[in-house]
Amino acid sequence: MNKERIILKLGGSVITDKSSGDCRVNRPVLERIAGELSSREGIVPLIVHGAGSCGHPEAKEHHLDKGLDHTNKAGVFITHRAVCNLNYEVVNALRASGVEAVGIHPLDACTAKNGRLISFDCKPVELLVQNGIIPVLHGDVVMDVGQGACIVSGDQLISFLAGNMAVDRIGLATDVAGVFDPDGNVIRHINKRSAGSLEIRGSGSTDVTGGMRGKINELLLLAETGVESELFHVSRVSDFLDGRDNGGTLVSP
Ligand code: IP8
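Residues numbered from 1 in each chain as written. Predicted model: local features only at pLDDT ≥ 70, side-chain atom pairs only at ≥ 80, totals over all residues. Heavy atoms only, no water.

1. Comments concerning the overall build of the chain
Step number 1: Per the secondary structure count, the chain includes 10 helices and 12 strands.
Step number 2: For 253 residues, the compact-globule estimate of 2.2 N^0.38 gives 18 Å, and the chain sits close to it at 17 Å.
Step number 3: Dimensions of the chain, computed from the C-alpha atoms along their principal axes, are close to 55 × 45 × 35 Å.
Step number 4: The burial tally for the chain puts 53% of its 253 residues in the buried class.
Step number 5: Taking contacts inside the chain between residues at least 6 apart in sequence as the whole, the part at least 24 apart equals 75%.
Step number 6: Accessible surface, the chain: about 11400 Å² in total, of which carbon and sulfur atoms supply 49%.
Step number 7: Taking the 25 positively charged and 31 negatively charged side chains of the chain as two groups, their mean positions are separated by 1 Å. (Helix = DSSP H or I, 4+ residues; strand = E, 2+ residues; numbered from the N terminus. Rg over C-alpha atoms; globule rule 2.2 N^0.38 Å. Buried < 20%, exposed > 50% of the residue type's maximum accessible area, 1.4 Å probe, protein only. Contact = heavy atoms within 4.5 Å. Areas by Shrake-Rupley, 256 points an atom, 1.4 Å probe, with all protein chains shown as cover. Lys, Arg positive; Asp, Glu negative; His and termini not counted. Charge placed at Lys NZ, Arg CZ, Asp CG, Glu CD.)

As C-alpha cells, then:
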C-alpha cells in the first residue's frame, strides 16, 4: 500500500494556552493528537507547529519581527529557547505514544531575507521521513540577510516544505472551525479571487505573524504554486487524517 505523505500543522493556539501571558503547554491536546497519529498506518506525517504562548510573547517583547538591532540580540536566544521547549514537548508526546519523532529547529538550518525564507536544506527532513521518523518543525526566529533576524511562522515553513518536497495533503489544525463569513458560517472554499473581499479577523495581540490573516495570506501564496491546503478545528484532526470531510475551509488555487 502506498502511504500518504501529510503535513499536519498544529496551531500554537491549540497546543498552548494563550489566555495568560506565560508559556503553558496544552498536554492533553498533544497527547490526543499523538494518539491519533500512532493509530494510522497508512500515513507518513510531517509535523509543523506554531508557537502560541511559548514564543509569540518573547518575539514581541524583543520586537524580532522588526529585525535585529543592538537592543534585542538576547531575544534570539530567549525566543528560540521558548519554541524549542515547546517543540521538545511535542516530540515527547509523540514518542510517548510510540511514534518515532525528532525536532528540527529552523534557526539552525534556515536563512531568510526580509522575513521570507530563502534557504532551507530539506534533505534531512526527507531522509527522516523515508526512514520512518517524523520530523517536527516549528515557527522560529531565523537569521535574515536583510534585517538581521526575523520570525518565520510555521505556515511559511509549510509553504517552503511543500514547494521542495513531495507531499500529498496539507492540513492546519486550529482553534476555530475554519475561516468565517460575516454571518459566522465557515467558508468552505476560498481562493485568491474570493479571498480579496474577505474580512478576516486577526487572533490575539501577541501574535507577531499576523494571526488568521497572516495564515490565509501564506496559504494563498502556497495555492498560487498549485498546492491546496485545509484549515479545520483541532477536534477534526482524525477526519482530516482519514481523508473525510473536516468541516473546515479549503484554500485552493
Ligand atoms: O505560531 C511563530 O510561529 P507561528 C514563531 O506559526 C515564533 O506563527 C517564534 C513566534
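2. Structural notes on empty space enclosed by the protein
Step number 1: Applying the stated criterion across every chain, the model contains 1 cavity of 30 Å³ or more.
Step number 2: In this structure, the largest cavity occupies an estimated 40 Å³ of space.
Step number 3: For the largest cavity, the full set of lining residues is Leu10, Leu30, Ile33, Ala34, Leu37, Val90, Ala93 and Leu94.
Step number 4: Counting residues per element, the lining of the largest cavity draws most heavily on helix α2 (residues 27-38), at 4 residues.
Step number 5: Here the residues of the lining of the largest cavity are counted per class, giving 8 nonpolar, no polar and no charged. (1 Å grid on protein atoms, 1.4 Å probe; cavity = no way out; pocket = protein on both sides within 12 Å on 5 of 7 lines; lining within 4 Å. Points joined across faces, edges and corners; volume = space filled by probe spheres on them. Nonpolar A, V, L, I, M, F, W, Y, C, P; charged D, E, K, R; others polar.)

3. What to know about the sheet that holds strand β6 (residues 134-138)
Step number 1: Read from one edge to the other, the open sheet built from 8 strands follows the order β3-β6-β2-β1-β9-β11-β12-β10, with strand pairing classed as mixed. Only two strands of the sheet have a single partner each, and these edge strands are β3 (101-103) and β10 (189-190).
Step number 2: Note: β3 against β6, 3 bridges, orientation parallel. In the sheet register, Val102 faces β6, and the bridge partner there is Pro135. (Pairing = 2+ DSSP bridges.)

4. So, the site of the ligand
Step number 1: Taken together, 13 residues sit near the ligand, with Gly50, Ala51, His56, Gly154 and Thr209 positioned nearest.
Step number 2: Lys9 is positioned with one of its side-chain polar atoms (N or O) 3.3 Å from an oxygen atom of the ligand.
Step number 3: Within the backbone of Ala51, one N or O atom sits 2.9 Å away from an oxygen atom of the ligand.
Step number 4: A total of 330 Å² of accessible area belongs to the ligand in isolation, and the protein chains cover 96% of it. (Near = heavy atom within 4 Å. Polar contact = N/O pair within 3.5 Å; in protein donor to acceptor, adjacent residues only side chain to side chain.)

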